[in-house]
Amino acid sequence: MNRKKILVTGGAGFIGSHLCERLLNEGNEVICLDNYFTGSKDNIIHLMNNPYFEVVRHDVVHPFHIDVDEIYNLACPASPVHYQYNAIKTIKTSVMGAINMLGLAKRLKAKVLQASTSEVYGDPNVHPQPESYWGNVNPIGIRSCYDEGKRCAETLFVDYHRQNGVRAKLVRIFNTYGPHMNPNDGRVVSNFIVQALKGEDITIYGDGNQTRSFQYVDDLVEAMIRMMATEDSFIGPVNTGNPGEFTMLELATLVLELTGSKSKLVFQPLPSDDPRQRKPDITLAKEKLGWEPKIQLREGLITTIKYFDEVLKK
Ligand code: NAD
Ligand code: UDP
């Protein structure tokens, strides 16, 4: 059997843990690298007795050497609360992490996939967002450490490809949710579910009319694996997201309905530079990956609520 050796940075995080599990289930050998800033061993503990799974405590800002066929570079805090906690470290993680993983891929002639983000579009003036849109990003705001860090990482990926022929792949991930999100993560889906299950107030930032498109984690993992399998000449970027678009008020109402919670909505100030709207154009993903999301918000939320219900009972 052709067992690939695959490195997943940020593998103990929300998305990384699902990716590790799926890659193992497909018969690969997986090395999970993480510094546990926002990730947790609890997310991967169920994989620990698989002999083809290895875990390494390491920080991607420092070089890392290992012999692998493929690298998925996910290491980076993704929640605004966490990436703003130490903004300089967030930029270092995105930029130096990208340089270190690209250097490794160059030496090994391995494929390397970057978990980029819809944040590269900033507060978009084009709606929905196609990959050809260059974005509207504030370079000096409180979200810039993440947005510009990820934009710089994209630049590094295309330049390593152009200059050194590195087998680079870029996916732009839109808001993703599902089991293994940290209850204290701070992002909207986990906040609303945890608040509803605990009977606490649901915190709506601003008037709640800003929109997001929410993708269930299994759909994202499928897209990432398909992207990695594309021919070397195709580096992307490719949007991966669910085009269903919801206001935060609609999301809150749905979470209240599905949890049966009596929590009240409370309105809090909108953080600066919070994008007003976001929705992926997934034409390219359909064409190049033969992919589109299968799990709609209601169905994905039911699974996610069940997960948080169990976690909160522990
Ligand atoms: P997460 O915070 O759960 O996972 C990030 C993981 O990276 C954690 O396990 C964390 O400990 C690890 N990490 C952070 N800094 C590190 C460092 N310097 N060295 C080693 N490990 C480090 O977040 P997530 O939602 O799973 O996001 C994973 C990736 O996907 C991130 O790169 C994120 O930017 C990207 N992404 C996520 C979303 C989303 O909606 N979840 C959207 C766009 C992009
Ligand atoms: N948000 C909210 N209440 C919360 C957390 C977030 O209303 O408790 C809003 C936030 O202001 C933003 C949207 O939900 O408009 C999505 O926020 P999240 O942090 O999940 O992701 P991002 O802003 O990075 O898309």
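Before reading further, recall that the structure is shown in the block above.
Residues numbered from 1 in each chain as written. Chains lettered and ligands numbered in written order. Predicted model: local features only at pLDDT ≥ 70, side-chain atom pairs only at ≥ 80, totals over all residues. Heavy atoms only, no water.

Visitor: Is there a simple way to think about the sheet that holds strand β11 (residues 238-240) in this case?
Guide: Within a sheet, each strand pairs with its neighbour through backbone hydrogen bonds, oriented either parallel or antiparallel. Strand order in this open sheet of seven strands is β3-β2-β1-β4-β5-β6-β11, and the pairing throughout is parallel. Strands with a single pairing partner mark the edges of an open sheet, and in this sheet they are β3 (53-57) and β11. Adjacent strand axes in the sheet meet at a mean angle of 20°, parallel and antiparallel pairs treated alike. Taken together, the five bridges between strand β1 (residues 5-9) and strand β2 (residues 29-34) define a ladder with parallel strand orientation. In the strand pairing of β2, Leu7 is matched with Ile31. Across the sheet, helix α3 (residues 87-108) touches β1, β4 (70-73) and β5 (111-117), and the angle it forms with β4 is around 175°. Along the sheet face, helix α6 (residues 217-228) touches β4, β5, β6 (167-173) and β11 and points at about 160° away from the line of β6. (Pairing = 2+ DSSP bridges. Helix = DSSP H or I, 4+ residues; strand = E, 2+ residues; numbered from the N terminus. Axes fitted to C-alpha atoms, helices over the stretch in contact; angles between N-to-C directions. Contact = heavy atoms within 4.5 Å.)

Visitor: Explain the packing of α3 against helix α4 (residues 144-164) here, please?
Guide: Any two packed helices are characterised by the angle at which their axes cross and by the distance between the axes. Where α3 contacts α4, the axes come no closer than 8 Å and their chain directions differ by 15°. Classified by the angle their axes make, α3 and α4 are roughly parallel. Our pair here, α3 against α4, has a crossing hand that is right-handed. Contacts between α3 and α4 involve Ala87, Thr90, Ile91, Ser94, Val95, Ala98, Ile99, Leu102, Gly103 and Lys106 from the former and Cys145, Tyr146, Gly149, Lys150, Cys152, Ala153, Leu156, Phe157, Tyr160 and Asn164 from the latter. The residue inventory of the contact of α3 with α4, partitioned by class, reads 13 nonpolar, five polar and two charged. (Parallel < 35°, antiparallel > 145°, perpendicular 65-115°, else oblique. Left-handed = near helix turned anticlockwise from the far one by under 90°. Nonpolar A, V, L, I, M, F, W, Y, C, P; charged D, E, K, R; others polar.)

Visitor: Any chance you could explain the nonpolar core here in plain terms?
Guide: For soluble globular proteins, the rule of thumb is that nonpolar side chains tend to be buried together. Core analysis: the largest hydrophobic core is formed by 58 residues, its most contacted members being Leu19, Tyr72, Met224, Leu251 and Leu301. Among the elements that line this core, the one with the most residues is α6, at eight residues. In this structure Tyr72 touches Ile6, Leu7, Val8, Thr9, Leu19, Leu23, Leu113, Met224, Ile225 and Met228, once residues within four positions along its chain are discounted. (Core = buried A, V, L, I, M, F, W, Y, C linked by side-chain atoms within 4.5 Å. Buried < 20%, exposed > 50% of the residue type's maximum accessible area, 1.4 Å probe, protein only.)

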